[in-house]
Amino acid sequence: MLLLALAAAAAPLFARASEGIWGIAPCELCLWQRAPYWVAAALALAAALLPRARRPLGWLAVLAVLASGAIAGFHIGVEQGWWPSPLPGCQALQAGGGASVDDLLRSLAAAPSKPCDAPTYLVPGLPLSMAAMNLLYALGLSGLAAIWMRRGEGR
């Protein structure tokens with residue numbers, strides 16, 4: 001369970017580090033993908049500390065990791081233009097007809113935001129956005145954790 005807690009916490013920590021190291025700006029969906037990992041890390045840590053609740057907490061941690069993967073899958077659809085994001089922070093600023101420069105400046109967010117339909121590619125030449133890499137990581141980690149749980153190594 002401690003390994004699951006560490007692996008779950010590693011994903012949002014890596015995402016945050018990529019902001020500082022490579023200057024990658026996250027969009028709102030990117031930020032949403034991080035929260036389930038923190039939940040999974042907390043649940044896995046609780047599972048490690050509470051032997052009687054280990055299995056249910058471990059399975060809840062697996063589900064939390066899968067929740068991040070589900071958000072990542074939705075994010076990939078937004079990046080590919082399969083559907084729009086319902087989150088207002090994901091929309092790129094658009095000039096309405098007749099909007100003045102002053103109106104546009106007043107409508108700017110206090111902090112810069114990145115539209116969710118603009119994929120971020122971490123590895124040059126690799127056609128996987130960070131959302132796609134998160135989906136693969138979430139599926140791999142949850143699959144591995146499920147195998148641990150089924151074999152009883154989550155105890």
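The following paragraphs examine the structure supplied in this document. (Residues numbered from 1 in each chain as written. Predicted model: local features only at pLDDT ≥ 70, side-chain atom pairs only at ≥ 80, totals over all residues. Heavy atoms only, no water.)

### A short note on the overall build of the chain
Then, number 1: Helix and strand content of the chain: five helices and zero strands.
Then, number 2: Put simply, the chain runs from its N terminus to its C terminus through helices and strands in the order α-α-α-α-α.
Then, number 3: Evaluated residue by residue, the chain yields a buried proportion of 39% over its 155 residues.
Then, number 4: Counted over contacts in the chain with a minimum sequence separation of 6, partners at least 24 positions apart contribute 72%. (Helix = DSSP H or I, 4+ residues; strand = E, 2+ residues; numbered from the N terminus. Buried < 20%, exposed > 50% of the residue type's maximum accessible area, 1.4 Å probe, protein only. Contact = heavy atoms within 4.5 Å.)

### Considering helix α3 (residues 54–80)
Then, number 1: Between the first and last C-alpha of α3 there are 39 Å, a value that for 27 residues agrees with the 39 Å anticipated at 1.5 Å per step.
Then, number 2: Just downstream of α3, G81 is the residue with a positive phi angle, here 80°. (Expected span 1.5 Å × (residues − 1).)

### Quick look at the packing of aromatic side chains
Then, number 1: Under the definition given, this model contains four aromatic pairs.
Then, number 2: On the basis of an interplanar angle of 65° and a centroid distance of 5.9 Å, the ring pair of W82 and W83 is categorised as edge-to-face.
Then, number 3: Take W82: its relative accessible area is 56%, and that puts it in the exposed class.
Then, number 4: Under the relative-accessibility criterion, W83 is labelled partly exposed at 36%.
Then, number 5: Members of the aromatic cluster, joined through ring pairs, are F74, W82 and W83. (Phe/Tyr/Trp six-rings, centres within 6.5 Å; stacked < 30°, edge-to-face > 60°.)

### Digging into the nonpolar core
Soluble, globular proteins show a tendency: their nonpolar side chains are buried together.
Then, number 1: Counting residues in hydrophobic clusters, the biggest one holds 23 residues, and the most contacted among them are L4, Y37, A40, A61 and V65.
Then, number 2: Of all the secondary structure elements, the ones that give two or more residues to this core are α1 (2–22), α2 (28–49), α3 and α5 (130–151).
Then, number 3: Those residues in contact with A40 that sit more than four places away from it in its chain are A8, A61, A64 and V65. (Core = buried A, V, L, I, M, F, W, Y, C linked by side-chain atoms within 4.5 Å.)

### Quick word on a nonpolar patch on the surface
Then, number 1: Nonpolar side chains collect at one region of the surface, where L2, L45, L49 and L50 lie side by side and expose about 400 Å² of accessible area between them.
Then, number 2: Within the element layout of this structure, L2 appears in helix α1. (Patch = residues over 30% accessible without salt bridge, like charges linked within 9 Å, V, L, I, M, F, W, Y side chains within 5 Å. Areas by Shrake-Rupley, 256 points an atom, 1.4 Å probe, with all protein chains shown as cover. Salt bridge = Lys/Arg side-chain N within 4 Å of Asp/Glu carboxyl O.)

### Re the side chain of S18
Then, number 1: When you line up the elements, S18 lands in helix α1.
Then, number 2: In contact with S18, other than residues within four places in its own chain, are G23, I24 and M130.

### Describing the environment of L122
Then, number 1: Along the polypeptide, L122 turns up in the loop between α4 (101–107) and α5.
Then, number 2: C-alpha of L122 to C-alpha of I24: the two residues are 98 residues apart in sequence and 8.7 Å apart in space.
Then, number 3: Contacts of L122, omitting those with residues within four sequence positions, involve F14, W22, I24, M130 and M133.

### Some words on the pattern of salt bridges
Then, number 1: For the structure shown, the criterion picks out two salt bridges.
Then, number 2: For R16, the salt bridge goes to E19, with nearest N and O atoms at 3.1 Å. Taken together, the positions of R16 and E19, both in helix α1 and three residues apart, correspond to about one turn of that helix.
Then, number 3: Close ionic contact of E19 with R34 constitutes a salt bridge, the shortest N to O distance being 2.6 Å. With E19 in helix α1 and R34 in helix α2, this residue pair connects regions lying 15 residues apart in the sequence.
Then, number 4: Judged by relative accessible area, R34 falls into the buried class, the value being 14%.
Then, number 5: When salt bridges that share partners are traced, they join R16, E19 and R34 into one network.

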